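Structural overview for review
Each chain, letter by letter, is given below.
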Amino acid sequence: MTKKPWVKVRAHSFILRSMKKVLVTGGAGYIGSHTVIELLNHGYIPVIVDDFSNSDKRVLKGLEEILGFAPSLYRCDCTDKAVLKKVFEAEMPDAVIHFAAFKAVGESTEQPVRYYRNNIDSLLCVLELMQEFNVCELVFSSSCTVYGQPETLPVHEKCEQKPATSPYGYTKQVCERILTDATTANPTLRCALLRYFNPIGAHPSGLIGELPYGVPNNLVPYITQTAAGIREKLIIHGNDYATPDGTCIRDYIHVCDLANAHVKALEWLDTKVSACEAFNLGQGMGNSVKEVVDTFVRVNATPVKVEIGPRRAGDVEQVWADASKASSLLQWKTERSLAESLKDAWKWQKQLSIG
Ligand code: NAD
Ligand code: WQD
C-alpha cells in the first residue's frame, strides 16, 4: 500500500480521549469535511450528518481515500427533527459541531425565507435534541460577516456589531443570539461561536476541497477556475478603495488551520463548566485582492487573466481579525501561509479538472 503522508492519526490520543463521539452536521461540506479529518487525527469519532444540498459524493470518495475508511454518515436534513432524532438515538453523541447552513450571501438576498428556515431551524432542531439527549457541548460555525465594516481594525470579538447587510449575515447574528440565550437559561450547555474570516485552500492531498456549484462568488475558487480555463477572466471588483493598492483587504485562512480550531474549541469546552464565547478565526493579518492574485500566479507559476471591474455591491473595504483570544484561550494558531493555501487550492482544482 502506498504511504499517505497526510494521514496522521495519533493512536495515543484515541486512548487519552476515550473515543469521544462528535456529530458533525454539514460534515460533507467544505469546512466540515476537513474538520472530520482533523477530529480523527485527534482521537475523536466524527459522525457526519448532511443532506447533500451543497455537497458532492466526490468529497466522500476523497475522505475515504485520505482516511483509508469511510467515516460514519447519515443523509439527513437537520431541519427534519424526527429524522435527526433517530441519528441522536443511534449515535448518542458527546458533542456537536454545527456547520449545516446555506452560505451564499447573494443568494440569501434572493431567497431570504429559505435561508431563515434552513439556518435557524437547523440550529433549533439540533439544540432541542441536544437538550433531550443531554449533549452539552456545541461548536457553532459563525462568520466575520457579523461585524460588517468595523470601525477599528483588526476587529476584536468585543467590537460592536452592525446591522447585518444580508439575510445570511442576519441568520448568523440570530443564531449567536439564540445560543447566548440558551446557555444563559441552561448553563450546562457550553458553546463556542467560531467566527471564520475567509477560509481558502484545500487538504494538502488535493483529494478534498471547496466545490462551488455554478459560477463561484468567492475569490479563490474564481481564481483557480480562471487558471484552469473554466472562466475566461477574473474581474477584480474595484481598485479605487482606500487601501494601499486600491483593492479590498480580507483575512484569508487555510481551511486545515480552521478545521484544527474546531478540535481546539472542543478541548476548551471540555475544561469549562459553563461557556458561551465567540472566537475570531483568522490569520490576524489582511491581504488585498491583488496580493492574492499575484501570490497565486507566483507560487503556482500559472497565469490568471485579470480585469478591473466596478465595486461589488455590499463589499466591505477591509477587514481582518484580532485572533488573540483564540490564541490565548484555545491555544490555537494558524500554521499555513497564504502561499501554501493557494498552492493547495490549485492542487485541488487541477485534480478536479482531471476527474
Ligand atoms: P458548505 O456549503 O460547503 O457546507 C455546508 C454543508 O451543510 C453542505 O454539505 C450542505 O449540504 C450541508 N447542509 C446545509 N443545510 C443542511 C441541512 N439543513 N441539513 C443537513 N445538511 C445541510 O459550506 P462551508 O463553507 O463548509 O461552511 C460551513 C459553515 O461555515 C456554514 O455554516 C457557513 O455559513 C459557515 N461559514 C463559511 C464560510 C466560508 O467562507 N466558507 C465563512 C464563514 C462561515
Ligand atoms: C473577497 C474579496 C471581493 C470574487 C464572503 C462572505 C462572508 C464569509 C466569507 C460566510 C472581495 C473580491 C471576489 C471575484 C473579486 N462567508 N472578489 N472578484 O466577500 O470577503 O466574504 O465569504 O460567512 O460572509 O460575504 O469573500 O471571497 O467573496 O471576496 O474581486 O470574482 O475578493 O470583492 O473584496 P467576502 P469573497
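Calculation rules
- Residues numbered from 1 in each chain as written.
- Chains lettered and ligands numbered in written order.
- Predicted model: local features only at pLDDT ≥ 70, side-chain atom pairs only at ≥ 80, totals over all residues.
- Heavy atoms only, no water.
- Near = heavy atom within 4 Å.
- Polar contact = N/O pair within 3.5 Å; in protein donor to acceptor, adjacent residues only side chain to side chain.
- Areas by Shrake-Rupley, 256 points an atom, 1.4 Å probe, with all protein chains shown as cover.
- Helix = DSSP H or I, 4+ residues; strand = E, 2+ residues; numbered from the N terminus.
- Buried < 20%, exposed > 50% of the residue type's maximum accessible area, 1.4 Å probe, protein only.
- Pairing = 2+ DSSP bridges.
- Core = buried A, V, L, I, M, F, W, Y, C linked by side-chain atoms within 4.5 Å.
- Contact = heavy atoms within 4.5 Å.
- Phe/Tyr/Trp six-rings, centres within 6.5 Å; stacked < 30°, edge-to-face > 60°.
- Lys NZ or Arg CZ within 6 Å of the ring centre and 35° of its normal.
- Axes fitted to C-alpha atoms, helices over the stretch in contact; angles between N-to-C directions.
- Parallel < 35°, antiparallel > 145°, perpendicular 65-115°, else oblique.
- Left-handed = near helix turned anticlockwise from the far one by under 90°.
- Nonpolar A, V, L, I, M, F, W, Y, C, P; charged D, E, K, R; others polar.

1. Topic: the site of ligand 2
Every one of the 19 residues lining ligand 2 counts as a neighbour, but Ser 143, Tyr 168, Ile 235, Arg 250 and Asp 315 are closest to it. Tyr 168 places a side-chain nitrogen or oxygen 2.5 Å from an oxygen atom of ligand 2. Residue Asn 217 places a main-chain N or O atom 3.4 Å away from an oxygen atom belonging to ligand 2. Compared with its free state, where it exposes 680 Å², ligand 2 has 88% of that area covered by protein.

2. Re the site of ligand 1
What surrounds ligand 1 is a group of 27 residues, the closest being Asp 50, Asn 54, Phe 99, Asn 118 and Tyr 168. A distance of 2.9 Å is found between a nitrogen atom of ligand 1 and a side-chain nitrogen or oxygen belonging to Asp 77. Asn 118 places a side-chain nitrogen or oxygen 2.7 Å from a nitrogen atom of ligand 1. Out of a free accessible area of 810 Å², ligand 1 has 96% covered by protein chains. Within the residue set of the shell around ligand 1, elements represented by two or more residues are helix H2 (30-41), strand E5 (137-143) and helix H7 (167-185). In terms of residue count, the dominant contributor to the shell around ligand 1 is E5 (3 residues).

3. Thoughts on the pairing of E5
Two faces make up the sheet, and in a regular strand the side chains alternate between them. Buried residues dominate E5, accounting for 7 of its 7 residues. The two faces of E5 match: Glu 137, Val 139, Ser 141 and Ser 143 on one face and Leu 138, Phe 140 and Ser 142 on the other face are all buried. Strand direction decides the pairing type here: strand E4 (residues 95-98) and E5, joined by 4 bridges, are parallel. Opposite Ala 95, over in E5, you have Glu 137 as the bridge partner. Two strands pair when backbone bridges link them, and E5 and strand E6 (residues 190-196) are joined in this way by 7 bridges, in the parallel orientation.

4. Topic: the nonpolar core
Formed by 47 residues in total, the largest nonpolar core has its most connected members in Leu 39, Leu 194, Leu 266, Leu 281 and Trp 332. With 9 residues, the single largest contributor to this core is helix H9 (residues 255-270). Other than its neighbours up to four places away in sequence, Leu 266 contacts Val 22, Leu 39, Tyr 44, Ala 95, Ile 97, Glu 137 and Val 139. With 29 residues, the next largest nonpolar core counts Leu 84, Val 96, Leu 123 and Phe 133 among its residues.

5. Some points on the packing of aromatic side chains
A complete count under the given rule lists 6 aromatic pairs for this structure. Where Tyr 116 meets Tyr 170, the ring centres are 6.1 Å apart and the plane angle is 90°; that geometry is what we call edge-to-face. Pair noted here: Tyr 116 is in helix H6 (residues 112-132) and Tyr 170 is in helix H7, with a separation of 54 residues, a long-range link. Sitting over the face of the ring of Tyr 241, Arg 311 holds its NZ or CZ atom 3.9 Å from the ring centroid.

6. Side note on the packing of helix H4 (residues 81-91) against H6
At a minimum axis separation of 10 Å, H4 and H6 run at an interaxial angle of 40°. In terms of orientation, H4 lies oblique with respect to H6. Every pair of crossing elements has a handedness; the one defined by H4 and H6 is right-handed. Here Lys 81, Leu 84, Lys 85 and Phe 88 of H4 come into contact with H6, specifically with Cys 125, Val 126, Glu 128, Leu 129, Met 130 and Glu 132. Residue composition of the contact of H4 with H6, by class: 6 nonpolar, no polar and 4 charged.

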